[in-house]
Amino acid sequence: MSRRRADSHGSLGPDDEVVPYSDDETDDELEPSIDEQPEGLPSVSQLSDLNWQVKANDRSFCKQPQFQKKFFLCFKRCKYAGNAIRTYKYNVITFLPLNLYEQFKRAANLYFLALLILQIIPEITTLPWYTTLVPLVLVLGITAIKDLVDDLVSVTCLFQECRWMQIQVGDVVRLKKNDFIPADILLLSSSNPNSLCYVETAELDGETNLKFKMGLKVTHERLQEESQLQSFDGNHCEEPNNRLDKFTGNMLWGRERFPLDLDNMLLRGCKVRNTDECHGLVIYAGSDTKIMRNGGKTRFKRTKIDYLMNYMVYTIFVLLILVCAGLAIGHTYWYQDVGSRAWYLYDGLNQTASYRGFLSFWGYIIVLNTMVPISLYVSVEVIRLGQSKFINWDLQMYYSEKDTPAKARTTTLNEQLGQIEYIFSDKTGTLTQNIMAFKKCSIAGRVYEIPYIYIDFSSNIFAEKKFQFYDHHLISCIQSKKDKDVLEFFKLLSLCHTVMVEQREDDLVYQAASPDEGALVTAARNFGFVFLSRTQDTITISEMGTETTYEMLALLDFNSDRKRMSIILRFPDGKIRLYCKGADTVIYERLSPNSKYKDVTQEALDVFANETLRTLCLCYKDISRADFDAWSRKYKEASIAMRNREEALDEVYEQIEKDLLLIGATAIEDKLQDGVPETIAKLAKADIKIWVLTGDKKETAENIGFSCQLLTDDMQIYYGEDVKRNEPLGKPKKIKERFFPEGGKNSYSVDFVDMACECGAVICCRVTPKQKANVVNLVKKYKKAITLSIGDGANDVNMIKTADIGVGISGQEGMQAVMSSDYAFAQFRYLQRLLLVHGRWSYIRMCKFLRYFFYKNFSFTLVHFWYSFFSGYSSQVAYEDWFITLYNVCYSSLPVLLVGLLDQDVNDKLSLMFPKLYLPGQQGTLFNYKNFFISLFHGIFTSLIIFFIPYGAFLQTMGQDGEAPSDYQSFAVVTASSLIITVNLQISLDTSYWTFVNCFAVLGSMAIYFGIMFDIHSAGIHVIFPSAFKFTGVASNALRQPYLWLTIILTVGISLLPVICIQFLCKTIWPSVGDEVRQRSTLARKKPTFQRGARSRRSAYAFSHSRGYADLISTGRSIRQKPRARRDAPESIKEAPQAENI
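So, here's what we can say about the structure. (Residues numbered from 1 in each chain as written. Predicted model: local features only at pLDDT ≥ 70, side-chain atom pairs only at ≥ 80, totals over all residues. Heavy atoms only, no water.)

Describing the nonpolar core
Side chains of nonpolar character tend, in soluble globular proteins, to be buried together.
Here comes step 1: The biggest cluster of nonpolar side chains holds 93 residues, and the ones touching the most others in it are L376, F849, L850 and F883.
Here comes step 2: No other element matches helix α25 (residues 830-868), which puts 16 residues into this core.
Here comes step 3: Those residues within four positions of F883 in sequence are excluded, and the remaining contacts are F860, Y891, A976, L979, I980 and Y1009. (Core = buried A, V, L, I, M, F, W, Y, C linked by side-chain atoms within 4.5 Å. Buried < 20%, exposed > 50% of the residue type's maximum accessible area, 1.4 Å probe, protein only. Helix = DSSP H or I, 4+ residues; strand = E, 2+ residues; numbered from the N terminus. Contact = heavy atoms within 4.5 Å.)

Next up, the structure:
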């Protein structure tokens, strides 16, 4: 009989904690098809919607004209992809043009390319072309190398591609043990009994536990030999899509039709395990495979600072244009009044004043181009990369039990970690350990488990050593075999599941899709009902030592909508029985009116939920042969439907899953992870609101909230059913509020967000994975808040992708959440260090870097602006050309980069001790338009000082040698030297955490400046390149004048003095939270040397057994030298405080 088997990616449980992974696309992307008739061969019209047709052993079939599709204009190609794929972006030919195209999408790079073109025009250029070319080439080169390295990491092994690339759709392939599956393949047969095939899906979904696939019974029986495989032909199925949890198709063989689903498919990227050999038909190849379809459409996340930084660059563009326009107008009027009348300025060009002003505008665009920081983006990427490495290297976020370090899977979101306002957390596996233990059960109205004496299971050869239970009455009921309900209870647990079993030496190893299911089967095993093996149609168990095989007639799958699973079995005596287990909400709706124990079991469920235990209800139903035959025909019709197959099956399932008889309920414990309450409390003090989104019952969710200190006794509770819509939540004094919105409602709205955000804590229970993502999206949309989602399972993937930052925990549910996340680690408690330490440091460093970067560029560039008033607005530069070229590259880049990488206002311990330090990041106070304009005005002030003090010093000045040093070149050297010393000392004032590297960078940058300047001003290099190096001997001539050194010192002092005064006043009169914490920690380290008023400990005098120093004292020999002045006692000598009770 054809039947539907368990989804190998699914699991059982009372909630949505394990849900098959799928990408953002849903069933809407699947090709529609029509329901098929169960009898006879379908007509062509019936199969017209089944566009993906595959014919085995016939490659020419896929090349027919009807399978061609347009890809460019009128050109066509086969819609069936080949199996050769490339995971790299570039090759030898496309790397340069494609990478340059991507880089010039950035406005700053495109702007500097336009400047370079302008500098080639002789009538406009005021600077040599290399002043722009050198920085631009460095920026483009560094970025290109980074992109190339990232691309090389993603290249697929060529050896595998060469072996796989010849495979085409329709080929029948043979795979052996430990082979990777090269395409999406329909399993036909295998060397295992009943064509079972075990696969490892770690490369696909991150899960290491083995899944099983099964070939159809008909292919298992008729396709074992090569000659039989050669005679096999085709099938019809859905178009390629990215749904990893779903496959719909029909196999047409002869005049019969057989339904296909995901259980029959071996997906590309998986690995064959525990199967010597298997055969399959290639259905999808290359880019059509599901793993490749899931490779794209990744959401690109950008930080709030990124958006703000772009707006500030646009603001600088506007300021630049306004300044250049003003200077161009000034040049127009100056030329009319002065320039046209000065005979020595005549250049032989008969150009009007307006035209000269127009040329001057473009000249100043070139001169003042450094207002737009060309190296800003590269510097930001370098800092982010370094911050990501620090997260990876943090040993305090390393989980030694599983050898799992923290991992920053992205390098673009680090500073956003310091601005989180809302955290959305899963419960199971995130706050809890997701290691399930069978603790209690209710059977026929009686609750078992009284914790007083541990039960010895050593008499059961199949029992696990780690299993613990404390109720002797239960084990005596099983051994006596008198209580039929107890026996039926554990028989159900041993039969109704999708667990696979392996025999390893003398032990049975269970492979369960979820920890819940594994715990239940293990409990049945320890109580004497041992699951031994399964085939396509049978399940074998040991019942108190007696081995029994049951025929499996149908397996009704679990999914997030059904919240239950059922199995229909034929007993050895011919009786047909349905076993079902699932969430109480769905089971109680389907119970027979004559079912017993409903009320008492409900009371037990409430008690279990209050103890934060996870619950399942168990029930059964006997089915007559006639009823089953009638239902089986409907089931077969639904199982081969090509359109809405799952809906049709669910409808058929509903017809059989009714009038059930309740047996009892199970209770499984899932303990909290270490450090969860402390972490939540600390994050709450940082004003981060934490929402827990779970599929558990309301009572379970509420009790977990109290146990992890998300909820406290001083909070006033609001339940979703008690809060009227649009009713504002009152705020009693000193009482925080919480609100529990019930799952299953689609009315999430602005009102819900407004009410929930007023609460101190929010727990959403009975929510599906899609609803989790909706809640996150609503807060992002209506509160404009920065959000973080954290989870460990496949059901958290959408929530993780929706939030601004996604964090994955590598727990018991595989690695799907980790693979979709931005940051990953092993324990929830590491979240406080990620946010309060690394996140806060990253935000402060980036803000300080950006403020200083804009300041140093304004200070450097605006000197040209002041110089224009004395040069007829003629687009002349105030510095030497090579100084302009190397300023941002060599002279001022390293100190600020190190501040962006290493700076700390307080250390990590104080950051965790004082969570309020996190508040500036949430408020965005360290980098905003106010800080930007402060940096602008600071740069204007510095440029004024740097220009006008040397200008005044050079007026009517006589040098030591009697010659006047007031030439333009000497002036350029003095202003440049003053600028370099000023900006490097300024970053020194802004540095909070000094290391040897910082000190070396500041002093080294100034040393590099003077070293390069003396080299390029030397006569030797002028002889080699006379047109490029024109300041011959200027540095040595100017800097030997003490008067000019005094000018430099005066300029630097006046530039920095206001900054020093303002910083002093801010730290003493208006200290920040960080300043107060630093001051408090400094005072705590300074302990007094002597404490007045402290009691002394009185003790007996200890006499020595040797001769003392009485003779020296009495003779005065010890005091003959002149006594020295007494110094203060060293700090190490102090009197210890005396205990008050002694």
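What follows picks up the thread again.
Observations concerning the side chain of Q419
Here comes step 1: Within the element layout of this structure, Q419 appears in the loop between β14 (407-408) and β15 (422-425).
Here comes step 2: In this structure the side chain of Q419 is engaged in a polar contact, spanning 3.4 Å, whose partner is the backbone oxygen of G921.
Here comes step 3: Those residues in contact with Q419 that sit more than four places away from it in its chain are K304, I305, I786, Y843, Y918, G921, Q922 and G924. (Polar contact = N/O pair within 3.5 Å; in protein donor to acceptor, adjacent residues only side chain to side chain.)

A look at the sheet that holds strand β12 (residues 271-273)
Strand pairs in the sheet, formed through backbone hydrogen bonds, run parallel or antiparallel to each other.
Here comes step 1: Strand order in the open sheet formed by three strands is β7-β6-β12, with antiparallel pairing between adjacent strands. The open sheet is flanked by β7 (210-214) and β12, the only strands paired with a single partner. Neighbour-to-neighbour, the strand axes of the sheet open up by a mean angle of 45°, direction not taken into account.
Here comes step 2: With three bridges joining them, strand β6 (residues 196-200) and β12 adopt antiparallel strand pairing. (Pairing = 2+ DSSP bridges. Axes fitted to C-alpha atoms, helices over the stretch in contact; angles between N-to-C directions.)

Describing helix α19 (residues 676-685)
Here comes step 1: Within the sequence span of α19, burial applies to V676, P677, T679, I680 and L683. Seen from one end, α19 has its buried residues packed into an arc of 165°, which puts them on one side.
Here comes step 2: Residues of α19 that are buried make contact with β15, β27 (689-693), α20 (698-707) and α25.
Here comes step 3: Two residues or fewer past α19, D687 is found with a positive phi of approximately 65°. (Arc of directions from axis to C-beta.)

What about the packing of helix α17 (residues 625-639) against helix α18 (residues 645-656)?
Here comes step 1: One way to put it is that α17 packs onto α18 with a least axis distance of 8 Å and a crossing angle of 165°. The orientation of α17 with respect to α18, classified from their angle, is roughly antiparallel. In this structure, the crossing between α17 and α18 has a hand that is left-handed. Contact with α17, carried on its side by W631, K634, Y635, A638 and S639, involves R645, A648, L649, V652, Y653, Q655 and I656 of α18 and no other residues of that element.
Here comes step 2: For the contact of α17 with α18, a count of residues per class yields eight nonpolar, two polar and two charged. (Parallel < 35°, antiparallel > 145°, perpendicular 65-115°, else oblique. Left-handed = near helix turned anticlockwise from the far one by under 90°. Nonpolar A, V, L, I, M, F, W, Y, C, P; charged D, E, K, R; others polar.)

Regarding the sheet that holds strand β4 (residues 172-176)
Here comes step 1: Spatial ordering of the open sheet is given by β4-β13-β5-β11, a layout of four strands whose pairing is antiparallel. Looking at strand neighbours, the two that pair on one side only are β4 and β11 (265-266), the edges of this open sheet.
Here comes step 2: Sheet topology places β4 next to strand β13 (residues 277-284); five bridges connect them, and they run antiparallel. Residue V172 lies in a different strand from β13, and its bridge partner there is L281.

Brief notes about the pairing of strand β20 (residues 529-534)
Here comes step 1: The element β20 is extensively covered by neighbouring structure, given that five of its six residues are classed as buried.
Here comes step 2: The sheet contact formed by β20 and strand β21 (residues 538-543) spans five bridges and is antiparallel. Residue pairing in the sheet places R534 in a bridge with I539 of β21.
Here comes step 3: Where β20 hands over to β21, the hairpin turn is made up of three residues, counted between the paired strands.

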